[in-house]
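# Topology and contacts: notes
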Amino acid sequence: MKQVISIAFAQENKNYDEIVEFRGEKVRLTQYAIGFNYSLARTLIEKYDGICDVICLSGVPPRIQTKSGVIEHPSSQKLKSLAKVTPLVDGQLLKNIYIPWAFRQYYLTNKSTLENKSVSMYTGALQKNLVDIIEELGGNLCLADPYFFLRMPYNLHSNNGLEKFLRTLFPVMSKMKFKESTVATFRLEDQKIYKGLKEFFKGEIFVGNEGTIQIIDKDHLKGKTVVLDFMGTLMKERLIKAGVKDCISCMPKVVKGRYVNFSVLEALMQAFQPDSLSADDILWWISELDLKVEHHQLSEDSKSTQSTDKFAFIIHPLSKDYLFKHPLLKKLKPAKKQLGGILEKALTYTPGFFYGKISGIISDGNGKEVEGLIYTVSDTPKMLMEQNPEKVYKKLVDICKDAKKNGANIIGLGAFTKIVGDAGISVEQRSPIPVTTGNSLSACSTLWAAKFAVDKIGLVKKMSSTWQGKVMVIGATGAIGAVSAKVLATRWKELVLVAPRAYKLLELKEEIEAIAPNCKVSISTSPNKVIKECDLIITTTSARGKKILDIKQVKPGAVICDVSRPFDISEEDAASRPDVMVIASGEVQLPGHVKSKVDLGLEGNIVYACLAETALLAMDGKIESFTLGRNISYEKVLEIDRMAKEHGVKLSAIMGHNGFISNDEFKLCKEHALKKRNQDG
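Now for a look at the structure at hand. Throughout, a residue's number is its position along its own chain's written sequence, starting from 1. The predicted origin of the model limits local features to residues at a pLDDT of at least 70 and limits the giving and counting of side-chain atom pairs to 80 or more, whereas totals for whole chains, interfaces and linings rest on all residues. Hydrogens are left out, water is left out, and the side-chain values use all remaining heavy atoms of the structure.

Moving on, we come to the overall build of the chain. Helix and strand assignments come from DSSP, with helices taken as H or I runs of at least 4 residues and strands as E runs of at least 2, each series counted from the N terminus. Regarding its fold elements, the chain presents 25 helices and 31 strands. This radius of gyration counts C-alpha atoms alone. The globule rule is 2.2 Å times how many residues there are, raised to the power 0.38. Expected size for 681 residues packed as a compact globule is a radius of gyration near 26 Å; at 29 Å, the chain falls within 12% of this value. Structurally, the chain occupies a C-alpha span of about 95 × 55 × 50 Å along its principal axes. We call a residue buried when its accessible area falls under 20% of the maximum for its residue type, exposed when it is over 50%, and partly exposed in between, using a 1.4 Å probe and counting protein chains only. For the chain, the residues scored as buried account for 56% of the 681 residues in total. By definition in these notes, contact holds between two residues if any of their heavy atoms fall within 4.5 Å. By sequence separation, contacts in the chain at least 24 residues apart represent 68% of the contacts at least 6 residues apart. The method behind every accessible area is Shrake-Rupley, applied with a 1.4 Å probe, and residues are considered shielded solely by the protein chains displayed. Of the roughly 29,900 Å² of accessible surface on the chain, a fraction of 50% belongs to carbon and sulfur atoms. Of note, the chain has its 94 positive side-chain charges centred 2 Å away from the centre of its 78 negative side-chain charges. By the counting rule applied here, Lys and Arg register as positive and Asp and Glu as negative, while His and the ends of each chain are not counted. Think of each charge as sitting on NZ of Lys, CZ of Arg, CG of Asp or CD of Glu.

On to the sheet that holds strand β26 (residues 587–589). Within a sheet, neighbouring strands are paired by backbone hydrogen bonds and run either parallel or antiparallel to one another. By the convention used here, strands pair only if DSSP detects at least 2 bridges between them. Reading across the sheet, the 3 strands line up as β28-β26-β29 and stay open at both edges, with antiparallel pairing between neighbours. The sheet is open, and its two borders are formed by β28 (606–608) and β29 (650–651), each paired with just one other strand. Strand direction decides the pairing type here: β26 and β29, joined by 2 bridges, are antiparallel. Across the sheet, Val588 pairs through a bridge with Leu651, a residue of β29.

Strand order in the open sheet formed by 6 strands is β18-β17-β14-β16-β15-β27, with mixed pairing between adjacent strands. Sheet topology places β18 (435–436) and β27 (592–596) at the edges, where each strand pairs with a single neighbour. Direction of pairing for strand β15 (residues 353–362) relative to β27: antiparallel, over a ladder of 3 bridges. Within β27, the position partnered with Ile358 by the bridge is Ser596. Lying on the sheet, helix α17 (residues 389–405) is in contact with β14 (310–315), β16 (369–376), β17 (411–413) and β18; it crosses β16 at an angle near 145°. The axes are straight lines fitted to the C-alpha atoms, using for helices just the contacting stretch, and the angles between their N-to-C directions are given from 0 to 180°. Across the sheet, helix α23 (residues 609–620) lies against β14, β15, β16, β17 and β18, angled at about 165° from β14, the strand it touches most.

Bringing the packing of helix α19 (residues 439–457) against helix α20 (residues 479–489) into the picture now. The contact between α19 and α20 brings their axes to 9 Å, and the two run at 45°. By the criterion of interaxial angle, the relationship of α19 to α20 is oblique. Where α19 crosses over α20, the handedness of that crossing is right-handed. Residue-level contacts link Asn439, Ser442, Ala443, Thr446 and Leu447 of α19 to Ala479, Ile480, Val483, Ser484, Val487 and Leu488 of α20. Roughly parallel refers to an angle under 35 degrees, roughly antiparallel to one over 145, roughly perpendicular to one between 65 and 115, and oblique to any angle outside these ranges. Each helix crossing is assigned a hand: it is left-handed if the near helix lies turned anticlockwise from the far helix by less than a right angle, otherwise right-handed if that turn is clockwise.

Contact pair α23 / helix α24 (residues 634–647): the axes reach a minimum separation of 10 Å and the direction vectors enclose 70°. The pairing of α23 with α24 is recorded here as roughly perpendicular in orientation. Contact with α23, carried on its side by Glu613, Leu616, Leu617, Met619 and Asp620, involves Ile640, Arg642, Met643, Ala644, Glu646 and His647 of α24 and no other residues of that element. Its residues placed into classes, the contact of α23 with α24 shows 6 nonpolar, 1 polar and 4 charged. Residues were grouped as follows: Ala, Val, Leu, Ile, Met, Phe, Trp, Tyr, Cys and Pro as nonpolar; Asp, Glu, Lys and Arg as charged; and all remaining residues, including Gly, as polar.

Between rings of Phe, Tyr and Trp, where Trp is taken as its six-membered ring, a pair exists when centres lie within 6.5 Å; planes separated by under 30 degrees are stacked, by over 60 edge-to-face, and by other angles tilted. Following the criterion strictly, the structure yields 19 aromatic pairs and no others. Consider the rings of Phe22 and Trp285, whose centres lie 5.7 Å apart with planes at 25°: the pair is stacked. Residue Phe22 is located in strand β2 (residues 16–22), and its partner Trp285 is located in helix α13 (residues 279–289); the two are separated by 263 residues in the primary sequence. Residue class for Trp285 comes out buried when judged on its relative accessible area of 1%. Measuring from ring centre to ring centre gives 6.1 Å for Phe452 and Phe666, while their planes differ by 70°; the resulting arrangement is edge-to-face. One end of the pair, Phe452, is in helix α19; the other, Phe666, is in helix α25 (residues 663–680), and 214 residues separate them in sequence.

Salt bridge criterion: a side-chain nitrogen from Lys or Arg within 4 Å of a carboxyl oxygen from Asp or Glu. One pass over the structure, following the stated rule, counts 31 salt bridges. Residue Lys292 is joined to Asp290 by a salt bridge in which the shortest nitrogen-to-oxygen separation is 3.5 Å. The exposure class assigned to Lys292 is partly exposed, which follows from its relative accessible area of 44%. Its salt-bridge partner being Glu646, residue Arg642 comes within 2.8 Å of it at the nearest N-O pair. Placement of the pair is Arg642 and Glu646 together in helix α24, with a separation of 4 residues, close to one helical turn.

With respect to the element layout, Glu613 can be found in helix α23. In the analysis that follows, any N or O atom pair within 3.5 Å is treated as a polar contact, provided that within protein one partner can donate a hydrogen and the other can accept it, and provided that, for residues neighboring in sequence, both atoms belong to side chains. Polar contacts involving the side chain of Glu613 include one to the side chain of Thr627, which spans 2.9 Å. Once residues lying within four places of it in the same chain are set aside, the contact partners of Glu613 are Thr436, Gly438, Asn439, Ser440, Leu441, Phe626, Thr627 and Ile640.

In structure tokens, the structure reads:
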């Protein structure tokens, strides 16, 4: 496996060591955020030289091309010359070729965003490639280099002025050490001391790199447009908190699961090259990765009322029978047995389409009203899983693009659209708006429903906060199953994990035992061996309606929480055991006076939890790809649980195959269970 070492000179507390996927291959990416520690940078380069495939260095002054030649800080030169065996890159070659082209392309299609606007740059010296292109496009430049580097109270207004400043004062700047304290903070009160800053703060667009924006005070950015070399998740949160209107990010997300800067991306390119990267190589990579500038709306105040309050969600028919709910196909329902299979295959060739709206969703916490745009694809679970994932991705991404045009700021994937391929990651990378699978709230609602039902039946003893019984999770290694199992292990005496892949079960068992050492954890590839001992069974599989357990073996008085769609437990099986409570977890109630013009197969203001998560993120203003992939973290589940309580999203009245389950039905189930237990001795 290839290894890339990233030395983030100007950052702190952003260390990581993980396996990432780049162009379908695994790469070990290790980052050291060293907080301007020059000697540590030197040590790390010397340590990994000859050991890893590529070293990348970010946050140090770049080589600056001026009309009179190239200038570079001597300390930066020394660091870059230390590696004797392993290639060392700094992202500059990629920036120099890509940014002028990409920014120009963005400008030509988004002139209103930049045309005739005053542009304030913290330092043109560190982003010379952008100075050149903004000046060429007619931007009104205000460059704060004199203040940024030397606290000198005046601004520059052209490329020529910048070059003159660099030629004159570079001898002084070259003797300055790399450290955070040397960089100006750009506090609003500084303009009282340095009158020249007033002009800078009046800018409509502020240009900087992520390292600079991370260090400076951000109060002056409220309501402004920010242009960055790249914007990671943490930086996006900070800009939103600062009230930034929108951000133009030169670097899109190209690595699954992580935003990377230009230095890291150039290193990844270099890792797949036998020779040193050339300009022609960079041109090939730009085309291969389809790199392009991204425009992110951030501040609620900056958006129109129409776009602020909209989210989108994608559904699909859960079986062939659902196809005949389509307005154009209802007349064919009498012939569904003959036509079902034909239509199921034929409709995979149709694009997704807008289905209807859900309105009147109003937060209990902040009073914000949101509206849902519901889209659908015509593929059943069977067809979604049998197709080439790329074909499905294209359908979903086309819907994402249409949703953005219609004002949605975030989109959720429902049912099997979040299972196909890499579970939303590829769709999110290509979507113009954030994408979430909703699995964090689905996990929450599973646990809410399980607790409610076990309490209602009342046959499991509880000591302190621990249920003195046995819980089983079927589909335990899946996204919802794994996180549910981890939480349940902290609340139950015994836990059984069931999934088809033994090695994944072993890995999950180790994780859970570290989290909940007092819980007895066992594993199995089949549920039927120990199912008669379990008081609670959570099913969260992709079985598509296939029988996963023998309902006859289930313990009287047990609760089965069926999270899967289509259901794992058939209506016939559930009816055959009146002494077992089968509930359909995953449905929650939205706050407000909800009006739905779409048939979700549910009633009133009740929706699937994955849809509710998307609505919840819109209500909370957390416009980000919250849940993706096949893993859900504790932190995400706890955070979405907090949001649900704050905004009034809660478990609906418990539902089964035939609608709501009443208190009388819970009581009757308990009576049947006690009777059967007595009969069985």
